[in-house]
Amino acid sequence: MKGIYTILLLILSNVFMTFAWYGHLQFKKLGWLQQAGLWVIILISWGLAFFEYVFQVPANKIGFRENGGPFSLFELKTIQEAISLVVFTLITVFIFRTDKLAWNHLVGFGLLVLAVFFIFKKW
């Protein structure tokens, strides 16, 4: 169960991360935030990043092998990166609607899945 909790918390964390890092690029679509200055944008992003860490820190604590979880540090980071790309892609394509998923993205993601295989393979 710790592995499932870890993954679910990392998914939530990455939703907030994506909006903290890239959401402000969509402010031009929101009338009241169009003229926001850089400091306002930074503060909003920090506010969102706070919730990223609220989920990310417990995910790593629960999931880390030395705390009784199932994952090594390399495995935790690999899971986080894979989740990050999936969440980013879904938000970009379906919520921000700024880009289309192309064949080269799928090939790149396939190579990342191959990287995950090598990280998790016990040699």
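Heads up: these notes are all about the structure in this document. (Residues numbered from 1 in each chain as written. Predicted model: local features only at pLDDT ≥ 70, side-chain atom pairs only at ≥ 80, totals over all residues. Heavy atoms only, no water.)

Turning next to the overall build of the protein. Each helix and strand counted, the protein has 4 helices and 0 strands in total. Each helix and strand of the protein, ordered N terminal to C terminal, gives the series α-α-α-α. Each principal axis of the C-alpha distribution contributes one length, and for the protein these read about 55 × 35 × 20 Å. Taken over 123 residues, the protein has a buried fraction of 29%. A total accessible area of about 8500 Å² is found for the protein, and carbon and sulfur atoms account for 75% of it. (Helix = DSSP H or I, 4+ residues; strand = E, 2+ residues; numbered from the N terminus. Buried < 20%, exposed > 50% of the residue type's maximum accessible area, 1.4 Å probe, protein only. Areas by Shrake-Rupley, 256 points an atom, 1.4 Å probe, with all protein chains shown as cover.)

Among the structural elements, L43 can be located in helix α2 (residues 38–63). Taking relative accessible area as the criterion, L43 reaches 53% and is therefore assigned exposed. Measuring from C-alpha to C-alpha, the distance between L43 and F55 comes to 19 Å, with 12 residues separating the pair along the chain.

Bringing the environment of S72 into the picture now. Its location among the elements puts S72 in the loop between α2 and α3 (73–96). Given a relative accessible area of 17%, S72 falls into the buried group. Along the primary structure S72 and V116 are separated by 44 residues, whereas in three dimensions their C-alpha atoms are 13 Å apart. Discounting chain neighbours no more than four positions away, the residues touching S72 are F64 and R65. (Contact = heavy atoms within 4.5 Å.)

Interpretation note: all reported values are geometric properties and have no functional meaning in isolation.
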